[in-house]
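Below are the chains, spelled out letter by letter.
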Amino acid sequence: MDEQLASVTNQIKHFGKRLTIQRRAVLRYMLMSQQHPTAKDVYHALKNEMPSITLSTVYTSLRLLAKMGVVKEHVHADTPNRFETLVKIDPVQLKEVM
């Protein structure tokens, strides 16, 4: 398993949280994204594969990842906040472990 992904998983456990299916999906999307998506962008991208995911869950997951330093939240006064991935993982390795 990639060192960085293992680190993210351990950090989530350190925060007393579990890497739920929803968090894993948000993390995977952010790690594979070349964009700086909004929470709604992430939600709409995941909605087809996870019909039960909610926008609230996406926001909560992104904010947890931001607190951990995996993503950075760019706050804008006039537009929705955007999230930037700070951790880079090789997409081939990511698909293997996710």
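Quantities reported herein were computed from a predicted structural model and do not represent experimental measurements.

Draft legend 1. How the structure looks around the side chain of Arg 23. Relative to the assigned elements, Arg 23 resides in helix α2 (residues 21-32). As a buried residue without a salt bridge, Arg 23 has its nearest oppositely charged side chain in Glu 73, at a separation of 15 Å. The residues touching Arg 23, leaving out its near neighbours within four places in the chain, are Lys 17, Arg 18, Ser 61 and Leu 64.

Draft legend 2. Structural view of helix α4 (residues 55-68). Spanning 14 residues, α4 covers 20 Å between terminal C-alpha atoms, matching the ideal 20 Å at 1.5 Å per step. Among the residues making up α4, those that are buried are Val 58, Ser 61, Leu 62, Leu 64, Leu 65 and Met 68. Viewed along the axis of α4, the buried residues span an arc of 160 degrees, placing them on a single side of the element. After α4 finishes, the residue Gly 69 shows a positive phi value of roughly 90 degrees.

Draft legend 3. A look at the environment of Pro 37. With respect to the helices, strands and loops of the structure, Pro 37 is situated in the loop between α2 and α3 (39-47). Taking relative accessible area as the criterion, Pro 37 reaches 3% and is therefore assigned buried. Separated by 47 residues in sequence, Pro 37 and Glu 84 have C-alpha atoms that sit 7.3 Å apart.

Cut-offs applied
Residues numbered from 1 in each chain as written. Predicted model: local features only at pLDDT ≥ 70, side-chain atom pairs only at ≥ 80, totals over all residues. Heavy atoms only, no water. Helix = DSSP H or I, 4+ residues; strand = E, 2+ residues; numbered from the N terminus. Buried < 20%, exposed > 50% of the residue type's maximum accessible area, 1.4 Å probe, protein only. Lys, Arg positive; Asp, Glu negative; His and termini not counted. Salt bridge = Lys/Arg side-chain N within 4 Å of Asp/Glu carboxyl O. Contact = heavy atoms within 4.5 Å. Expected span 1.5 Å × (residues − 1). Arc of directions from axis to C-beta.

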